[in-house]
Amino acid sequence: MIVRQLIKPQSIVVVGASDNTTKPGGMILQNLIQGGLEGKIYGVNPKSIQVEGVEHIHDLGALPTADLAILAIRAVDCPEAMRILIQKGSKAFIVFSAGFSEAGEEGKLIEKELVDLVNKANGTLIGPNCIGVINGSYKGIFTTPVPVYDPKGCELISSSGATAVFFMESAILTGLRFSNIYSIGNAAQTGVEEILEYLDDTFDPTTSSRVKLLYLEQVKNPFKFLKHASSLVQKGCRIAAIKSGYSEAGGRAASSHTGALATSDMVIRALFRKCGIVYCSSRDELIAVASVFQSKVLDGDRFAVITHAGGSAVMLTDTLSSNGLKVPVFAEDRTIELRKKLNPGSSVGNPIDFLATGTATQLGEIIDFCEDYEGVDAMVVVFGSPGLFNVRDVYEVLDNKMTTCTKPIYPVLPSLINAENEIKEFLAKGRVNFPDEVNLGKALSIVYGAQKHSFEKAVLPEMDVLAIRSVINTANNGYLNASETLELLTAAGIPMAQQIIIRDTTQLQAAAVKVSFPIVMKVIGPVHKSDVGGVLLNIINVDQALQAFDTLMSIEGANAVLLQEMVSGEELYCGAIRQGNFGHVVLGGLGGIFLELLNDTASALAPVAHAEAQSMIASLKAYPLFHGYRNKIKLSETHFIDIIMRVGALVLIAPEISELDLNPIKADKNDMIVVDARVSIEK
Ligand code: ADP
Ligand code: MG
């Protein structure tokens, strides 16, 4: 819960205050004073300190009430201080100190004590182990830089204080502006979920910032995260996030394909996609994406690249086109007039290169041309300076056009030394700069890609819920047997090949008259059947079947044999795996023996909406198979979407399924049918 006293405190006390600005207790006072808090600031220190604007308090006992308490003292001293502060009426706490749960068992206990105290007082605890909070009322951080508060600037929520500082340092230089900053540290009581909830509940379309940036080390409550992040996105916010620490979770016994394929990073990406959050992998990427967010909305994928320096334009064009965006060539007859206005030798194909001698007026003409040209959705202007002349007039034109044009214009101003002052003036007008064109190109592609993924709420396909529950309720932990598996999938509406289970040759003789050859025979017993020679394909008559039966039954662990019709077609795969409090992640892709080799899979958190399943399929490298690749038949996208959605709904109805593998699903243009399924139950 975020209390009013954290957001708009009327008084703040710093416990562990100092007059030495090289200490957190000193720097926080300086930032608070310069931050223009409308209210009283108290500084607690048994030794005397003298800081203008701060009332010195020797002993916490002598403190009148303070809404917000900022603690810059040793971890072990925090609980006692907090007890006194709560008695005095403090409701909000920011704890800078380290030495809590991140430091070991002892710290964990102290941290829990703080959380219990704050919860009992119905208050808010930010941290511990954080750099603090900045908002419209106060600047409660002990580090620099302290960004100028811009209510429409980016909101930043960071698990790591140091990363927030590093991020702001580079971001401010590129012109990004900030509003509220929440450094949540260990997130003992207040995590990213609670902050998002607060931002969602208090969102005001006229005054709230629309850009949210997250640096996360963990998501404790994915459902709360999903609820508020997607709600904010639906309200028009744009969110980008880095989630660090994705190297393999490890320790998970991967008995299924899905188990081997699903990584913790995949789960986070699936969560972000569901929320409409742009996934970023580095600070630079987050800055570039945030800067794209702060520009006009990108409403198409066709770019005009405008430059006076060929190389950068070529690198940018390469990046845009290799990431699925377009740099279309202009129709020659449309460029005749423009060409006349440029210096001889300029090229107007796209990129438009108006040469080193290009002028501000010419830039204006080019931008006007692109604004009018209906085949272009956005422009990138790359303009630096070799140090020989001033580019102020060029940047003025650029700034004007960015206001008057309806299409977004992204400025790449690479001359950080030669044009240092001109860039500063440009940024002072509220602009951002993309110093590197390739970073910009990548950011544009991920933002544009994420924009397409705006998913409706999943509608569950109709399924026989009672039958599903009855299979699950009666099943033991471990793998379902062949009949249970068939029953479960049938109840879920997932088509599976018919099967007959036989235990002796008499049963086989009887079965042979019912099946139509060719058939497939599989050993029942071993988990990975083909690894032990337990799958025999294309059996064309009873004699072969009898022989196959003997072979299969001689395999170690064999206890029966399964007869199945032989199905032709390409091989797809769909699976699901339970991922702790994230629920299940559903995977889909190319199946059969190449599944793990090619790893061409896409994922989504269950339940899966129709558009989400569709975008999963569209993101596969094997996607062309759904449109007929070379001489191959076209596979049915509709059928695969249906299976993915059904798997997503099945694990919701039967959360006891810990892993599910449909591999392969045989697919041709009219049909999709599962020929092998493994379902593991863990109640
Ligand atoms: P496992 O995964 O335990 O090795 P499968 O039942 O998936 O066993 O069989 C291995 C391979 O045999 C499948 O990937 C598929 O290529 C082929 N196969 C299995 N059943 C059939 C079938 N009914 N029709 C056609 N091919 C099949
Ligand atoms: Mg298989």
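Structure: see above.
Since this is a predicted model, take the numbers as computed values, not measurements. (Residues numbered from 1 in each chain as written. Chains lettered and ligands numbered in written order. Predicted model: local features only at pLDDT ≥ 70, side-chain atom pairs only at ≥ 80, totals over all residues. Heavy atoms only, no water.)

Peer 1: What is the right way to read the coordination of the magnesium ion (ligand 2) from this model?
Peer 2: Think of it this way: four donors in a tetrahedron around the metal ideally sit 109.5 degrees apart, and six in an octahedron ideally sit 90 or 180 degrees apart. Taken together, N663 (O) and D676 (OD) make up the full set of protein donors to the magnesium ion (ligand 2), lying 2.2 Å away. Taken together, the residues N663 in strand β26 (residues 657-667) and D676 in the loop between β27 (672-674) and β28 (677-681) connect sequence positions 13 residues apart. Each member of the pair, N663 as well as D676, is classed as buried. (Donors = N, O, S within 2.8 Å, 3.2 Å for Na, K, Ca; no water. Helix = DSSP H or I, 4+ residues; strand = E, 2+ residues; numbered from the N terminus. Buried < 20%, exposed > 50% of the residue type's maximum accessible area, 1.4 Å probe, protein only.)

Peer 1: Hey, could you run me through the sheet that holds strand β14 (residues 303-307) in this one?
Peer 2: The strands making up a sheet associate through hydrogen bonds between their backbones, and the pairing can be parallel or antiparallel. Across the sheet, 4 strands lie side by side as β15-β14-β16-β17; this open sheet has parallel pairing. Of all strands in the sheet, those bounded by a partner on one side alone are β15 (352-353) and β17 (409-412). Where β14 lies against strand β16 (residues 378-382), 5 bridges are found, and the strand directions are parallel. Residue pairing in the sheet places I306 in a bridge with V381 of β16. Together, β16 and β17 form the strand contacts of helix α14 (residues 392-404), whose direction differs from that of β17 by roughly 160 degrees. (Pairing = 2+ DSSP bridges. Contact = heavy atoms within 4.5 Å. Axes fitted to C-alpha atoms, helices over the stretch in contact; angles between N-to-C directions.)

Peer 1: Can you help me understand the site of ligand 1 in this one?
Peer 2: Around ligand 1, the structure places 19 residues, and the nearest of them are K522, K529, S530, E571 and D676. At 2.5 Å from an oxygen atom of ligand 1 is found a side-chain nitrogen or oxygen belonging to E571. If one sorts the elements of the shell around ligand 1 by residue count, β26 sits on top with 3 residues. A class-by-class count of the residues in the shell around ligand 1 yields 8 nonpolar, 4 polar and 7 charged. (Near = heavy atom within 4 Å. Polar contact = N/O pair within 3.5 Å; in protein donor to acceptor, adjacent residues only side chain to side chain. Nonpolar A, V, L, I, M, F, W, Y, C, P; charged D, E, K, R; others polar.)

Peer 1: Which parts of the structure should I look at to understand the pairing of β26?
Peer 2: Among the 11 residues of β26, 11 are classified as buried, and the element is accordingly described as predominantly covered. Relative to β26, strand β23 (residues 570-578) runs antiparallel, the two sharing 7 bridges. Bridging across to β26, L572 finds its partner in I665. Pairing geometry for β26 and β27, over 3 bridges, is antiparallel. Paired with K666 across the bridge in β27 is I673. Hairpin connection between β26 and β27: a loop of 4 residues separates the two successive antiparallel strands.

Peer 1: What am I meant to see in the packing of helix α6 (residues 192-201) against helix α7 (residues 222-234) here?
Peer 2: Angle between the axes and distance between the axes are the two parameters that describe a pair of packed helices. Two elements in contact, α6 and α7, have axes whose closest approach is 9 Å; the angle formed by their N-to-C orientations is 35 degrees. As for the relative orientation of α6 and α7, their crossing is left-handed in sense. Here V192, E193, E194, L196, E197, L199, D200 and D201 of α6 come into contact with α7, specifically with K224, F225, K227, H228, A229, S231 and L232. Looking at the contact of α6 with α7 residue by residue, the classes come out as 6 nonpolar, 2 polar and 7 charged. (Left-handed = near helix turned anticlockwise from the far one by under 90°.)

Peer 1: Help me out: how do you make sense of helix α4 (residues 105-120) in this one?
Peer 2: An α-helix turns once every 3.6 residues. As a result, residues three or four positions apart point the same way. Along its 16 residues, α4 runs 23 Å from first to last C-alpha, staying within 8% of the 22 Å computed at 1.5 Å per residue. For α4, the set of buried residues is G107, I110, E111, L114, V115, L117 and V118. Axial view of α4: buried residues confined to an arc of 165 degrees, hence all on one face. Exposed side of α4, more than 90 degrees from the buried face: E105, E106, L109 and K120 are the residues found there. Buried residues belonging to α4 abut α3 (78-87), β5 (92-95) and β6 (124-126). (Expected span 1.5 Å × (residues − 1). Arc of directions from axis to C-beta.)

Peer 1: Before we go on, may I ask you to explain the nonpolar core in this structure?
Peer 2: With 59 residues, the main nonpolar core has I94 and F225 as its most contacted residues. Ignoring sequence-local partners within four residues, the contact set of I94 consists of L6, L68, A69, I70, L71, I126, C130, G132, V133 and Y138. The next biggest cluster of nonpolar side chains, apart from the first, holds 51 residues, and it includes I468, L486, A491 and A649. (Core = buried A, V, L, I, M, F, W, Y, C linked by side-chain atoms within 4.5 Å.)

Peer 1: Would you explain unusual backbone geometry in this entry?
Peer 2: Leaving glycine out, the prevailing phi sign among residues is negative, and the prevailing peptide bond configuration is trans. Cis geometry marks the peptide bond from N350 to P351, where omega comes out at 5 degrees. Mapped onto the fold, P351 is located in the loop between α12 (336-341) and β15. In this chain, N663 is followed by P664 through a cis amide linkage whose omega measures 5 degrees. For P664, the position within the fold is in strand β26. Phi is positive for N129, which is not a glycine, with a value near 65 degrees. Looking at N129, the relative accessible area reads 28%, which means it is partly exposed. The backbone phi angle of R630 is positive, close to 50 degrees, even though this residue is not glycine. The topology assignment puts R630 in the loop between α22 (610-618) and α23 (637-653). Accessibility expressed as a relative area gives 73% for R630, which makes it exposed.

Peer 1: What is the right way to read the side chain of K401 from this model?
Peer 2: Secondary-structure assignment places K401 in helix α14. In terms of polar contacts, K401 uses its side chain to reach the side chain of D368, at 2.9 Å. Other than its neighbours up to four places away in sequence, K401 contacts G364, I367, D368 and I409.

Peer 1: Just checking my understanding: could you explain the sheet that holds strand β1 (residues 11-15) for this structure?
Peer 2: The sheet built from 6 strands is open, its strands ordered β3-β2-β1-β4-β5-β6 with parallel pairing. Of all strands in the sheet, those with a lone pairing partner are β3 (55-57) and β6, marking the two edges. In this sheet, neighbouring strand axes are inclined to one another by 20 degrees on average, regardless of whether the strands run parallel or antiparallel. Pairing analysis gives 5 bridges linking β1 to strand β2 (residues 40-44), with the strands arranged parallel. For V14, the partnering residue across the bridge sits in β2 and is G43. In the packing of helix α2 (residues 24-34) onto the sheet, the strands contacted are β1, β2 and β4 (68-71), and the crossing angle to β1 comes to about 165 degrees. Across the sheet, α3 is in contact with β1, β4, β5 and β6; its angle to β5 comes to roughly 160 degrees.

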